Amino acid sequence: MIYLDHAAATPVSERVFEAMKSYFSVDFFNPSAAYLPAKKVAADYENAKAMIGHAIGAKANDIVITAGATEANNLALNVTTSPILFLVTEHDSVRKVAEQYGGEAIAVDKNGRILLEDLKSKITDETMLISVSLVNNELGVIQPLSEIAAIIRDIRFDRLKRGIKTPLYLHSDASQAMNLLDVNVARLGVDLMTLNAAKVYGPKGVGALYVAHGVKLQPLTRGGGQENGLRSGTENVPGVVGFATAIAEAKEHINGNRKKYAAWRKILLSELHDYELINKKHALDNFVVLCYNGIDAERLVFLLEEKGIYVSTGAACAASKGVRSHVLVAIGLSDEEIAGSLRLTMGETNTEEQIREAAKTINEVVAKERARVTG
Amino acid sequence: MKTTDKIFFLSHSGRGRKVFVGMSGGVDSSVSALLLKEQGYNVVGVYMKNWSRDLPGMKCPWTEDLADAKRVAVKLGIDFEVWDFEKEYHDKVVEYMLEEFRRGNTPNPDVMCNQEIKFKLFYEKAMKRGADYIATGHYARVGAETDFSSDGLEFSSTSYTGTPAEPSLRDEPVGSVRNIRVENPNQTLILQKNRFQSHLLMRAVDENKDQTYFLYRISEEALEHTLFPIGGMLKPEVKKLAEEKGLHNAYKKESMGVCFVGEVGMKDFLKEYIDIKPGEIREIESEKILGYHEGAVFYTIGQRHGLYLDGVKGEVNDGLPYYVVAKGIPNNIVYVSKNLNDEHIWTDELELKDVVIRGSTSRENYFSGLTSQPSTSYTGTRAEPSLRDEPVRSVRNIRLGLPNLKQSQKSNFSRPVNISVRLRHRAPLIPAKFDGTKLYFENKIKRPASGQSAVLYDGEICLGGGIIA
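Criteria and cut-off values
Residues numbered from 1 in each chain as written. Chains lettered and ligands numbered in written order. Predicted model: local features only at pLDDT ≥ 70, side-chain atom pairs only at ≥ 80, totals over all residues. Helix = DSSP H or I, 4+ residues; strand = E, 2+ residues; numbered from the N terminus. Rg over C-alpha atoms; globule rule 2.2 N^0.38 Å. Buried ≥ 20, exposed ≤ 12 C-beta atoms within 10 Å, placed from the backbone. Contact = placed C-beta atoms within 7 Å. Domains from an automatic or database assignment. Nonpolar A, V, L, I, M, F, W, Y, C, P; charged D, E, K, R; others polar. pLDDT = per-residue confidence, 0-100. Pairing = 2+ DSSP bridges. Axes fitted to C-alpha atoms, helices over the stretch in contact; angles between N-to-C directions. Parallel < 35°, antiparallel > 145°, perpendicular 65-115°, else oblique. Left-handed = near helix turned anticlockwise from the far one by under 90°. Right-handed = clockwise from strand over helix to strand, strands pointing away. Core = buried A, V, L, I, M, F, W, Y, C linked by C-beta atoms within 7 Å. Expected span 1.5 Å × (residues − 1).

K.L.:
Mind showing me how you'd approach the overall build of chain A here?
P.N.:
Across its full length, chain A carries 13 helices and twelve strands. Rg of the C-alpha trace for chain A: 21 Å, near the compact-globule value of 21 Å for 375 residues, within the 12% margin. By residue count, 49% of the 375 residues in chain A fall in the buried class. A separation of at least 24 residues holds for 68% of the contacts in chain A among residues at least 6 apart in sequence.

K.L.:
Where do I start with the overall build of chain B in this structure?
P.N.:
When helices and strands are tallied, chain B shows nine helices and 21 strands. Contacts in chain B between residues at least 24 apart in sequence constitute 70% of all its contacts with a sequence separation of at least 6.

K.L.:
Would you explain the domain arrangement of chain B in this entry?
P.N.:
Often, the extent of an interface is quoted as the loss of accessible area on bringing the components together. All names here are of chain B. According to the domain assignment, chain B contains domain 1 (7-141 + 199-259), domain 2 (266-337) and domain 3 (346-468). Summarising the inter-unit geometry, the C-alpha centres of domain 1 and domain 2 are found 37 Å apart. For the side of domain 1 that touches domain 2, the class distribution of residues is three nonpolar, two polar and two charged.

K.L.:
In this structure, what is going on with the interface of chain A and chain B? I would like to understand it.
P.N.:
Taken together, the eight residues of chain A in the interface contact nine residues of chain B. The dominant element in the side of chain A that touches chain B, judged by the number of residues it contributes, is helix α9 (residues 297-306) of chain A, at four residues. Across the side of chain A that touches chain B, the residue classes break down as two nonpolar, two polar and four charged.

K.L.:
Which parts of the structure should I look at to understand the confidence of the model for chain A?
P.N.:
Detailed reading of the predicted coordinates is not advisable wherever pLDDT falls low. When pLDDT is averaged along chain A, the result is 94, and 97% of the positions lie at 70 or above. Taken together, the stretch residues 316-320 of chain A has pLDDT below 50 and engages in 13 contacts with residues farther than four places along the chain or on a different chain.

K.L.:
Which parts of the structure should I look at to understand the sheet that holds strand β5 (residues 129-131) of chain A?
P.N.:
Paired through their backbone hydrogen bonds, the strands of a sheet run either parallel or antiparallel. All names here are of chain A. Spatial strand order, β2-β8-β7-β6-β5-β3-β4: seven strands in an open sheet with mixed pairing. Of all strands in the sheet, those bounded by a partner on one side alone are β2 (63-66) and β4 (104-106). Ignoring which end each strand starts from, the neighbouring axes of this sheet average 20° apart. Note that strand β3 (residues 85-87) and β5 share two bridges and pair parallel. Bridged to Leu 85 within β5 is Ile 130. This element, helix α2 (residues 36-55), spans β2, β7 (192-196) and β8 (207-211) of the sheet and lies at about 110° to β2. Contacts between helix α6 (residues 145-161) and the sheet are confined to β5 and β6 (169-173), with β6 contributing the most and set at about 165° to the helix.

K.L.:
Would you explain the confidence of the model for chain B in this entry?
P.N.:
All names here are of chain B. Per-residue confidence for chain B averages 76 on the pLDDT scale, and 69% of its residues sit at or above 70. Between residues 148-196, whose pLDDT stays under 50, and residues either more than four places distant or in other chains, the model counts 57 contacts. Between residues 360-410, whose pLDDT stays under 50, and residues either more than four places distant or in other chains, the model counts 101 contacts. As a predicted assembly, this complex carries a pTM of 0.82 together with an ipTM value of 0.83.

K.L.:
Even after reading the chapter, I still don't get the packing of helix α3 (residues 86-102) of chain B against helix α4 (residues 109-128) of chain B, so can you show me in this structure?
P.N.:
Any two packed helices are characterised by the angle at which their axes cross and by the distance between the axes. Residue and element names in this part refer to chain B. Between α3 and α4, the shortest axis-to-axis distance is 9 Å and the interhelical angle comes to 160°. When the interaxial angle is binned, α3 and α4 end up roughly antiparallel. Note that α3 runs across α4; the crossing there is right-handed. The segment α3 lies against α4, with Glu 88, Tyr 89, Lys 92, Val 93, Tyr 96 and Met 97 engaging Pro 109, Met 112, Cys 113, Glu 116, Ile 117 and Leu 121.

K.L.:
Whenever I open this one, the pairing of strand β4 (residues 79-84) of chain B confuses me. Can you help?
P.N.:
Consecutive side chains of a regular strand alternate in pointing toward one face of the sheet and then the other. Residues and elements named next belong to chain B. Here six bridges tie strand β3 (residues 42-49) to β4, and the two strands are oriented parallel to one another. The residue bridging Met 48 from the neighbouring strand is Trp 83, located in β4. Crossover connection from β3 via helix α2 (residues 62-76) to parallel β4: handedness right-handed.

K.L.:
Hey, could you run me through the environment of A:Leu170 in this one?
P.N.:
Checked against the element boundaries, A:Leu170 lands in strand β6. The residues contacting A:Leu170, other than those within four sequence positions of it, are A:Ile130, A:Ile148, A:Ala149, A:Ile152, A:Gly189, A:Val190 and A:Asp191.

K.L.:
Could you clarify how one ought to interpret the sheet that holds strand β9 (residues 276-277) of chain A in this entry?
P.N.:
Residue and element names in this part refer to chain A. Read from one edge of the open sheet, three strands run β9-β10-β12, paired in antiparallel fashion. Only two strands of the sheet have a single partner each, and these edge strands are β9 and β12 (341-345). Bridge count for β9 against strand β10 (residues 287-291) is two bridges, and the pairing is antiparallel. In the strand pairing of β10, Leu 277 is matched with Leu 290.

K.L.:
Quick question: what am I supposed to make of the domain arrangement of chain A here?
P.N.:
Residues and elements named next belong to chain A. Splitting chain A by domain gives domain 1 (2-9 + 254-374) and domain 2 (14-249). The interface of domain 1 with domain 2 comprises 28 residues on the first partner and 22 residues on the second. Elements with a contribution of two residues or more to the side of domain 1 that touches domain 2: α8 (237-271), β10, α10 (316-320) and α11 (326-330). For the side of domain 1 that touches domain 2, the element with the most residues is α8, which contributes four residues. When the residues that make up the side of domain 1 that touches domain 2 are grouped by side-chain class, the tally is 15 nonpolar, seven polar and six charged.

K.L.:
Sorry, what's going on with the nonpolar core here?
P.N.:
Among soluble globular proteins, nonpolar side chains are generally buried collectively. Ranked by internal contacts, the top residues of the largest apolar core, which has 218 residues, are A:Ile52, A:Tyr210, A:Ile247, B:Val19, B:Ala33 and B:Val336. Ranked by residue count, the leading element in this core is α8(A), at eleven residues.

K.L.:
Teacher, can you tell me more about the packing of α9(A) against helix α13 (residues 352-374) of chain A here?
P.N.:
Residue and element names in this part refer to chain A. Running from amino to carboxyl end, α9 crosses α13 at an angle of 125°, the nearest separation of the two axes being 10 Å. For the element pair α9 / α13, the angle class is oblique. Both α9 and α13 take part in a crossing whose hand is right-handed. For the pair α9 and α13, the contacting residues are Arg 299, Leu 300, Leu 303 and Leu 304 in the first and Thr 361, Ile 362, Val 365, Val 366 and Glu 369 in the second. Split by residue class, the contact of α9 with α13 holds six nonpolar, one polar and two charged.

K.L.:
I tried to follow α13(A) on my own but got confused; where do I start?
P.N.:
Every α-helical turn comprises 3.6 residues, leaving residues that sit three or four positions apart pointing alike. Residues and elements named next belong to chain A. If you check α13, its first and last C-alpha atoms are 33 Å apart, about what 23 residues at 1.5 Å a residue would give, namely 33 Å. All of the buried residues along α13 are Ile 355, Ala 358, Ile 362, Val 366 and Glu 369. Against β1 (2-3), α8, α9 and β11 (309-310) lie the buried residues of α13. Just downstream of α13 lies Gly 375, where phi reads positive at about 70°.

What follows is the structure in structure tokens.
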């Protein structure tokens, strides 16, 4: 098996799996219980949250644990019912929520980067929230968050000067970023940030929302008041311990990963034939998005599957809905280019040998399919 | 197995012929595509997108089905397309269905889907695209009917294989003569092309899976251009073949009933479109109010569940269930009874509307041939009463072909003929007499819900059918 879909899911790393184990059946206590063993579990949980916070330059208390990134995005956007500005290429867990309240999409250029002028023109005095992912999940494109934050700072200053009390927040979904980017909330200038354990070799169904001081959120889930009242429900101790371990591990590997994926990306781009590179600029090195003109990439997915190579077209989510990827539409690709687009996302399961092998097989499969199409 | 000496199952070589096969992602249509490919056809797989809407509590599985279909197409190395009939399906099938329910009937959307979508729009689009045939994964067969008796030829076997080299039968103008080779294990015969006079819709070999109940209204024209590649196979054989050929959906759970209704059931589906309208449940004998319901249109005659009965203790809860025996749509009353012999439940006759009798002139030949030449007449293999017992002189009076569903059909035979009838998919065939609009049963039957189909057979042959009034 050669797995080239790490943007869709990552396997739980051994270290993470080990760290989680005892919390399923030995240290299983409810952290809210009164007795000492439960208090120890509560302390471990808080420590894990501190580790997650530490990875992004925040405190445990700034972190709200959720059941995954989708829930974290939903919670973040629940900060306001006024129209939300969101990047047109955002994941559905932002887009669908924003659209519900009449949100407006901010355009991107052909590389998938935010058009800052478009953003500026769309901010009104009613705007309370802008949501721009740090790394796009289909293209791997990195957004210039600190530049956006600078614009927001100016607007805040201007609002205060004019006596307008409406706050303006920046939310960013950083789910895809943590393996290669050194993320720091202060440096990025975000007020709300989504993290996802499932993309950093941690367990699925665990996410987190960083909430800066002073940002007043409304809970979506009410009950026992856990997570500062923002996300009730008994704490997922093994999940959060796993998440903390995973994010710490990712942090340790960032420098090595960058070199490794840059080299592998080069190998892919030089050994593959007859493609057009879609994510040319500002992309994470483990994302390679290609277009094979005149070929239906979905067929390639199934043909490669037979050879034990697992890839996706666009984002797994968009393809499985049977609709054209809104991200690829947004960067101006034609229908045919979208149909021919293949997303390869490299990760920890890969070796250099595998990358070369994959390139060879993809070339063969594409050539065969091209021959079939042209008859 | 002895069967008619007049019916052939043509199996052409696919070489040089183009077929569009409807692929749903299930094992039946997947194996159909596989067989066509192996027979040398130029095969194009098509996923018909008829419904994609998720309803509360009902996730529409269309994307998974589409992916399953496409994966098979890729594996077979055939072209694959998605044809969007969503609007047409809504207008022609869903609207029809809702309208029928509003009138208090229990329609069968699958029958309508085959008539209006699969064997009409899909067929027409395929022909426009240069198809020789369409194909589906239905369990049914297309027989070609001819009359050999005048040639003095004798046959004993049914498994004829059509000629490899011949173009399809319709390519020739009617009346032109062309030789057709028909082979069977014992002999090869040269037949004249114009001996094949019509195509018959015939029951599948797999008695459990036969789907002619849903196909009886499809047009003659479409049927002539239709292949049912698995109609001669048993379901276990289909599954086994899928396994052997490594088709991943060999183990896929079979979809049951109307796809978009899914697991949730028709009543919940209907509630998305038809407002709840509380009304009374009355005992039919006493007119006593026993409880209340959510709208008479949601109930079906014979239904036992979902009745909110709270009548006098001991009277209602004496262990005997109440059945719905009648519905008053204008006054929104559901009538129930505990009497299993209630006259509303049992009947010895059924009136049909929108009757379709399959076949055109050949059908008449078929009927009259049976009357005039009993020795060559069709003998049902399943001990069904045969038509030859009855003279069918007036068959010309019946409207032939496919009427539009909205038109009603009032012609009668001068004398009822013996046929067998299926009142539900997979229900047993019941002997009955049919006079063109009414079915007469020797023994009383449980009355099916109005709006359902009664499908008529002579042995293996589907003669047509109608909607129960």
